[in-house]
Amino acid sequence: MGNLCTKFFPRWATPNKPPGGAVVDRRAFYEGHPGLHVPLTTGIVSELAVTTQPPDKSAPEVLSVAAVNLDIRSNVQRHHTAEFDITDAAVYDEREFLVARRGQPFTMIITFNRKYDPGADDLRFVFQFGSRPLPTKGTHVEFILSADDVKGEWGGWITGEAENALTVEITTPPTAFVGKWSMKIDVVKRSDTSINVYRYEHKDPIYVLFNPWCKEDGVFMKDEHLLNEYILNETGKIYSGSHKRISPKPWVFGQFTGDVLDCCLYLLDKSVKDQARGDPVVVSRAISKQVNCPDDDGVLEGNWSGKYTDGTSPLDWTGSVAILEQFYKTKTTVKFGQCWVFSGLVTTVCRALGIPARSVTNFASAHDTDGSITIDSHYDAEGNPLKEYDDDSVWNFHVWNDVWMSRPDLPAGYGGWQAIDATPQETSEGVYCMGPMSLRAIKEGNVNLPYDGPFVFAEVNADKVVWILGKDGAMERKQVEKNSVGKFISTKRAFGRATWREMLHGDPDREDVTNQYKFEEGSEEERAAIRQASKFSKRTDVYETTAEDVKLSVVSDPDTFMGNDIKLTVTLENTGQERRTCNGTLVLGSMYYTGVFHRELLSRKINAVELVPGQTKSMEYSVPATQYLDDLADHCLCKISCVCIVKETRQHCVIQDELRLRKPHLNIKAPDAVKVGDSFSVEVSFENPLPVTLTQCELRVEGPGIQKPVVYAQNNIDAKKTFLGTFKMTPVKVGAKEIVVYFNCRQISAITTSHPVTVA
């Protein structure tokens, strides 16, 4: 911007005549030239096109900027950005940049070659953003020092003066674009024949982020406890497993580490126009697109094949930092991820940028492929699954994100938590992204509101419909399950918000947010939401019901460990007044967590089970460990499918259930308190529960402010033997920190643990 000169007048001064012209009224001038500048708010007049030049050191009478101190240590404390590594040259490398939040003042100390004279010296501040800063786009901003703060606008005012230095406070609007801004300070010298502009260019960028502490920012969140979790917490838990056994997976978000913030801003550079970078709705939707890779070479490639030889298994990642730093360094998509990894990355990116975010796990999560808002499964007349017909699926769990923001684009009342999802499942407006979608709109069934309402509603509240293919080729609806989808929707709780009952009897870290997504199952409100959402379904007449008098149940032990036999009990009960005869099929198979069948482990026919009125009969089945160990997929999940057909009434009883085999617990020994710069030892151990040797063993370790991600190779572990591993860590930052450790091997992945450490 070397050819645009803006002449300044203190607010108490009278404009002078430009060479050969009349007095210029600044506001009238800009109103007549709307393409020259953003709306005038700070007393600026652009009069002539001249070239800026460096400070004139040969003319000491001309005021020049000698140095600018951004007072980083004080500013980052006030802006809640002190944990960013790049704000402290003592952490990992020598970078020390100002990271500020919009809508909040920051201070700088400007040193001149002589004392500043407000009556004779005109100062102009220039802030520029993006690849092509333009006043008309709001990416080129100019202002002069004013007497006081102009709320909601760019501005600056003097708060202190000492010898040749001024202390200046700069404020940014709560809608400022998020990214790296450059700063320039101009000294303007005028004469009757010329205008000279001497420019100081600050060598380092100033990072400007969303500000959830600012009431005028679209991401404002009032509760300090929630901000401590959803913005400032660098570690957390992502829940996985099944609704019968929920397991926390420790995860290092690491939003303040190393190059993470630069990587996040690079993603916005790739995907969001400069003038849209202040809108959290646009930014969060772009994040859900950029974290995956099918459309635009984003961060992470998904892989659900079980084969990861040319990358890293999704189960092996301990956090987001290694992925984002590898992507930023190579500008190449990282391999591989699955839903919890995509969600962990989104949480990291959003928290780094200043958008409150949490990873959310939906158990028994539906994937509706056709917009019917139902999940359809198909069987033949004998009860055998027809996998080729099943495009829909129910994932054992699926992890996405909630982000907090106002929604001025929606009717009043739909702000707050919004669902977004970076896992590439279905396209939205032609690309793989999802949301933001208001949780209140999902709960009420208002799926017509943007974005992607029908898909999200089906994930948490679809009904499962069973179809039977008759021998005549006709497909007949036989069963509707109304409460089997969307269970125990879970997220990491904000510290200090658990009730006493939860502290004493449950997992104090897990918060169940199901009631934020749906009304109580079976309630009038929940069925009303189903009816409302069904107005936008592609199928009708699903909800007719028929009488049933035979009940079917299948029971498995949720405490079954890997290496133990799997035991199943099938029970049939005749609740009617007539004799009943039942035939059917029981199938047990390993599966991916997405609900996709992997390998069959057991298949048994249920033949001619006769039940008199009121009678109950049970049948027991067992699969030895030696039969299933080599056939397990990721997450050690098994799918149970049982179909029984009542001969006399043609009633079809269908049970689809899941069993997750438990993994051993990884024990950890480490000090509770350490000091910066002092190394300490960590010890981890567990007992191998399998009747085979564990091979290709490794430990993956990290902890924000203590240890960047590192991998330690380990020796093989013999069958039924105890593993013991040790390593050292050296903290570089003070505060409450957390160590996260994963053990991986070819036979078992992601045996995890974590340990809190206070660093002084």
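Residues numbered from 1 in each chain as written. Predicted model: local features only at pLDDT ≥ 70, side-chain atom pairs only at ≥ 80, totals over all residues. Heavy atoms only, no water.

### Some points on the overall build of the chain
Thought 1: Secondary structure assignment for the chain yields 13 helices and 42 strands.
Thought 2: The C-alpha extent of the chain, read off along each of the three principal axes, is 110 × 60 × 45 Å.
Thought 3: Within the chain, the fraction of its 760 residues that count as buried is 57%.
Thought 4: When the accessible area of the chain is evaluated, it comes to approximately 31300 Å², of which 49% is carbon and sulfur surface.
Thought 5: Of the charged side chains in the chain, 85 are positive and 101 negative, and the gap between their average positions amounts to 1 Å. (Helix = DSSP H or I, 4+ residues; strand = E, 2+ residues; numbered from the N terminus. Buried < 20%, exposed > 50% of the residue type's maximum accessible area, 1.4 Å probe, protein only. Areas by Shrake-Rupley, 256 points an atom, 1.4 Å probe, with all protein chains shown as cover. Lys, Arg positive; Asp, Glu negative; His and termini not counted. Charge placed at Lys NZ, Arg CZ, Asp CG, Glu CD.)

### With respect to the nonpolar core
In summary, soluble globular proteins display a tendency toward joint burial of nonpolar side chains.
Thought 1: Ranked by internal contacts, the top residues of the largest apolar core, which has 63 residues, are Leu261, Ile287, Trp340 and Leu353.
Thought 2: The element contributing the most residues to this core is helix α7 (residues 339-353), with ten residues.
Thought 3: Every residue in contact with Ile287, bar those within four places of it in the chain, is listed here: Leu268, Val346, Val349, Cys350 and Leu353.
Thought 4: Core analysis: the second largest hydrophobic core is formed by 58 residues, Val554, Val701, Ile739 and Val759 among them. (Core = buried A, V, L, I, M, F, W, Y, C linked by side-chain atoms within 4.5 Å. Contact = heavy atoms within 4.5 Å.)

### A few points about α7
Thought 1: With 15 residues, α7 extends 21 Å from end C-alpha to end C-alpha; this agrees with the ideal 21 Å at 1.5 Å per step.
Thought 2: Gly354 sits one or two positions beyond α7 and adopts a positive phi of about 105 degrees. (Expected span 1.5 Å × (residues − 1).)

### Details of the confidence of the model for the chain
Thought 1: Per-residue pLDDT for the chain has a mean of 89; in total, 91% of the residues score no lower than 70.
Thought 2: Per-residue pLDDT stays below 50 along residues 1-26; that stretch engages in 74 contacts with residues further than four places along the chain or on separate chains.
Thought 3: For the stretch residues 40-49, pLDDT sits under 50, and the model shows 45 contacts to residues farther than four places along the chain or on other chains. (pLDDT = per-residue confidence, 0-100.)

### Quick word on unusual backbone geometry
Thought 1: Each neighbour pair has its own omega, and for Lys335 with Phe336 the value is 5 degrees, a cis peptide bond.
Thought 2: When you line up the elements, Phe336 lands in strand β18 (residues 334-337).
Thought 3: Omega for the bond connecting Pro450 with Tyr451 falls within 30 degrees of zero, at 0 degrees, which places this linkage in the cis form.
Thought 4: With respect to the element layout, Tyr451 can be found in the loop between α8 (439-444) and α9 (453-461).
Thought 5: Positive phi is not limited to glycine here, since Asp452 has a value of about 65 degrees.
Thought 6: Here Asp452 shows up in the loop between α8 and α9.
Thought 7: Residue Lys720 is not a glycine yet carries a positive backbone phi of 60 degrees.

### Examining the packing of aromatic side chains
Thought 1: Evaluation of the coordinates by the stated rule reveals 25 aromatic pairs.
Thought 2: Ring plane angle 25 degrees and centroid distance 6.5 Å describe the contact between Phe143 and Trp154, whose orientation is recorded as stacked. Taken as a pair, Phe143 in strand β8 (residues 140-143) and Trp154 in the loop between β9 (145-146) and β10 (155-162) lie far apart in primary sequence, eleven residues in all.
Thought 3: Its relative accessible area of 0% is what places Phe143 among the buried residues.
Thought 4: Given the relative accessible area of 11%, Trp154 is considered buried.
Thought 5: Pairing Trp395 with Tyr593 gives two aromatic rings, centres 5.4 Å apart and planes at 90 degrees, and the pair type is edge-to-face. Residue Trp395 is found in strand β21 (residues 393-405), and its partner Tyr593 is found in the loop between β30 (580-591) and β31 (597-611); the two are separated by 198 residues along the sequence.
Thought 6: Taking the relative accessible area as the measure of exposure, Trp395 reaches 7% and is therefore buried.
Thought 7: Aromatic ring contacts, followed pair by pair, group Phe125, Phe127, Phe129, Phe143, Trp154, Phe177 and Trp181 into a single cluster.
Thought 8: In this structure, Arg351 is placed above the aromatic ring of Phe253, and the distance from its NZ or CZ to the ring centre is 4.8 Å. (Phe/Tyr/Trp six-rings, centres within 6.5 Å; stacked < 30°, edge-to-face > 60°. Lys NZ or Arg CZ within 6 Å of the ring centre and 35° of its normal.)

### Topic: the pairing of strand β38 (residues 698-703)
Thought 1: Counted residue by residue, β38 has six buried out of six residues, so it is predominantly covered.
Thought 2: Because side chains alternate across β38, one face comprises the buried residues Glu698, Arg700 and Glu702, and the other comprises Leu699, Val701 and Gly703, equally buried.
Thought 3: Between β38 and strand β39 (residues 707-713), which pair antiparallel and follow one another directly, the connecting turn spans three residues, one of which, Gly705, has a positive phi of 80 degrees.
Thought 4: As paired elements, β38 and strand β41 (residues 735-744) share five bridges and run antiparallel to each other. Residue pairing across strands places Arg700 opposite Tyr742, the latter belonging to β41. (Pairing = 2+ DSSP bridges.)

### Some remarks on the pattern of salt bridges
Thought 1: Summed over the entire model, instances satisfying the criterion amount to 35 salt bridges.
Thought 2: For Asp509, the salt bridge identified is with Lys237, shortest N-O distance 2.7 Å. Here Asp509, found in the loop between α10 (500-505) and β27 (510-512), pairs with Lys237, found in strand β15 (residues 235-242); they are 272 residues apart in sequence, far enough to count as distant.
Thought 3: Ionic pairing is found between Lys289 and Asp296, a salt bridge with its closest N-O pair at 2.7 Å.
Thought 4: For Lys289, a relative accessible area of 18% puts it in the buried group.
Thought 5: Asp296 sits in the buried class, given a relative accessible area of 19%.
Thought 6: Beyond isolated ion pairs, a larger network of salt bridges with shared partners links Glu83, Asp85, Glu234, Lys733 and Lys737. (Salt bridge = Lys/Arg side-chain N within 4 Å of Asp/Glu carboxyl O.)

### Here we look at the pairing of strand β7 (residues 122-129)
Thought 1: Burial analysis of β7 places eight of its eight residues in the buried class, the great majority of the element.
Thought 2: The side-chain alternation of β7 yields two buried faces, one formed by Asp122, Arg124, Val126 and Gln128 and the other by Leu123, Phe125, Phe127 and Phe129.
Thought 3: As paired elements, β7 and strand β12 (residues 179-190) share eight bridges and run antiparallel to each other. Within the sheet, the bridge partner assigned to Leu123 lies in β12 and is Val187.
Thought 4: Here β7 pairs with β8 via four bridges, running antiparallel. The residue bridging Val126 from the neighbouring strand is Glu142, located in β8.

### Re the sheet that holds strand β37 (residues 680-687)
Thought 1: In space, the three strands of this open sheet follow the order β35-β37-β40, with antiparallel pairing throughout. Of all strands in the sheet, those with a lone pairing partner are β35 (667-669) and β40 (722-729), marking the two edges. Across the sheet, the axes of successive neighbouring strands diverge by a mean angle of 20 degrees, strand direction being ignored.
Thought 2: Judged from the three bridges that link them, β35 and β37 form a sheet pairing that is antiparallel. When the sheet's bridge partners are listed, Lys669 is paired in β37 with Glu683. (Axes fitted to C-alpha atoms, helices over the stretch in contact; angles between N-to-C directions.)

### Observations regarding the packing of helix α4 (residues 260-271) against helix α5 (residues 280-290)
Thought 1: Running from N to C, α4 and α5 point in directions that differ by 100 degrees, and their axes come no closer than 10 Å. It follows from the interaxial angle that α4 and α5 lie roughly perpendicular. Between α4 and α5, the contacting residues are Leu267, Leu268, Lys270 and Ser271 on the first element and Val283, Ala286, Ile287, Lys289 and Gln290 on the second. (Parallel < 35°, antiparallel > 145°, perpendicular 65-115°, else oblique.)

### Here we look at the state of the cysteines
Each disulfide consists of one covalent bond between the sulfur atoms belonging to two cysteines.
Thought 1: Going through the model one piece at a time under the given rule, you end up with zero disulfides.
Thought 2: Cys636 takes part in no disulfide bond, and the closest cysteine sulfur, belonging to Cys638, lies 8.3 Å away.
Thought 3: We classify Cys636 as buried; its relative accessible area is 7%.
Thought 4: No disulfide involves Cys745; its sulfur sits 4.9 Å from that of Cys697, the nearest cysteine. (Disulfide = S-S within 2.5 Å.)

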